[in-house]
Amino acid sequence: MGVIPINVQGREFLTKSTGVMAALMASGDKLWNLADVFMKQFRYEHLLHPEDIKRRGVEDLPDYHYRDDGMMWWNNLKQYCEEFISLHYTSDELVKEDSELQNMVDEIRNHGFKRLPDQGNFPASLDTIEQLLEYTTALIWNGSVWHTAVNFAQFNYLSYVPNAPCAMTSPPPKQDETITMERILMSLPVKEMARVAIDISYSLSLFSPVEKFYLGSVREEKGDLRTETMMVDEEEVKCIERLVSRLTDFQKHIDTRNESLHIPYTVIKPDMTPLTVQT
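What this report covers is the structure whose coordinates are included nearby. (Residues numbered from 1 in each chain as written. Predicted model: local features only at pLDDT ≥ 70, side-chain atom pairs only at ≥ 80, totals over all residues. Heavy atoms only, no water.)

**Considering the overall build of the chain**
Here is step 1: Assigned secondary structure in the chain consists of twelve helices and zero strands.
Here is step 2: Ordered by position in the sequence, the α and β elements of the chain form the string α-α-α-α-α-α-α-α-α-α-α-α.
Here is step 3: Its C-alpha atoms give the chain principal-axis dimensions of roughly 65 × 45 × 40 Å.
Here is step 4: Going through the 279 residues of the chain one by one, you find that 36% of them count as buried.
Here is step 5: Within the chain, counting contacts between residues at least 6 apart in sequence, those at least 24 apart form 65% of the total.
Here is step 6: Within the structure as shown, the chain displays about 17200 Å² of accessible surface, and the carbon and sulfur contribution to it stands at 57%. (Helix = DSSP H or I, 4+ residues; strand = E, 2+ residues; numbered from the N terminus. Buried < 20%, exposed > 50% of the residue type's maximum accessible area, 1.4 Å probe, protein only. Contact = heavy atoms within 4.5 Å. Areas by Shrake-Rupley, 256 points an atom, 1.4 Å probe, with all protein chains shown as cover.)

In structure tokens, the structure reads:
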């Protein structure tokens with residue numbers, strides 16, 4: 001369907017004040033107020049995976065596979081961007097003089113995030129190749145890998161309602177209050193609400209029929225990053241080929257690790273990670 005019509009439908013049926021989420025969630029018709037509070041705290045640095053891990057204080061959390069797989073993703077994407085950028089920008093001066101690039105950066109900051117304090121600390125310009133490298137890596141990471149991590153695992157997590165109930169039907173327990181199973185069950189949403197929440201999480205976790213993935217699958221008839229690319233230069237194609245090769249090795253690493261896990265972590269495997277936000 002594509003990201004624009006999906007977002008239009010989401011605003012119309014899910015997130016508006018009279019939509020499904022307002023009926024299901026504890027925030028009711030104040031969902032956008034809650035989102036507004038979050039966005040006022042949102043910063044450009046949150047889009048950088050290494051910085052986000054530090055900000056949340058989970059650098060040393062054991063067995064945190066999202067962090068570890070994410071770092072390998074980030075490094076692979078950064079290497080790809082570095083190789084690709086070097087084909088077109090050989091000096092910082094060329095970056096500063098690219099008016100189309102600078103206009104895009106200005107529009108993202110001053111139009112896309114104009115309501116945020118300090119425009120969310122988004123760059124006002126890109127003056128060096130290193131800044132461009134970070135910016136492009138962040139764009140690809142968030143539009144593909146991060147979105148995959150938070151979107152396509154929804155059903156696995158939310159289908160067990162106590163993990164994250166859409167609303168609580170009793171006040172939270174007080175300090176030192178004895179918690180019984182009856183108290184827990186009485187606090188969970190009624191089964192009709194729970195079922196709708198599960199259905200929504202299932203629908204949102206589905207891949208689009210036109211999804212393109214970083215790595216293909218012959219068994220599932222999925223194309224990979226090399227399918228229908230817009231690359232026309234031979235050196236650009238080689239950048240793609242090298243990324244696919246690195247991601248193939250990365251996937252083998254994930255498969256080997258998962259063999260020893262009671263619950264394998266497969267959420268951002270390259271053959272399950274779409275190239276962009278489609279659903």
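**A few points about the pattern of salt bridges**
Here is step 1: In this structure the tally under the stated criterion is 14 salt bridges.
Here is step 2: Two residues, aspartate 68 and arginine 67, come together in a salt bridge whose shortest N-O distance is 2.8 Å.
Here is step 3: On the basis of relative accessibility, which here comes to 8%, the residue arginine 67 falls in the buried class.
Here is step 4: The residue glutamate 235 makes a salt bridge to lysine 238 at a minimum N-O spacing of 3.4 Å. Of the two residues, glutamate 235 and lysine 238 both sit in helix H12 (residues 234-258), three residues apart, roughly one turn of that helix.
Here is step 5: Residues joined in a network through salt bridges with shared partners are Asp36, Lys40 and Arg115. (Salt bridge = Lys/Arg side-chain N within 4 Å of Asp/Glu carboxyl O.)

**Description of a negative patch on the surface**
Here is step 1: Together, Glu51, Glu82, Glu130 and Glu134 line one region of the surface with negative charge.
Here is step 2: Tracing the chain through its elements places glutamate 82 in helix H5 (residues 65-86).
Here is step 3: On the accessibility criterion, glutamate 82 (47% relative accessible area) is partly exposed. (Patch = residues over 30% accessible without salt bridge, like charges linked within 9 Å, V, L, I, M, F, W, Y side chains within 5 Å. Lys, Arg positive; Asp, Glu negative; His and termini not counted. Charge placed at Lys NZ, Arg CZ, Asp CG, Glu CD.)

**Let's talk about the nonpolar core**
Here is step 1: Membership of the largest hydrophobic core comes to 42 residues, with the highest contact counts inside it found for Trp73 and Ile268.
Here is step 2: Breaking this core down by element, the ones donating at least two residues are H5, helix H7 (99-112), helix H8 (129-151) and H12.
Here is step 3: Not counting residues up to four positions away in its chain, the partners in contact with tryptophan 73 are Trp141, Val145, Tyr214, Leu247, Phe250, Ile268, Lys269, Pro270 and Thr273. (Core = buried A, V, L, I, M, F, W, Y, C linked by side-chain atoms within 4.5 Å.)

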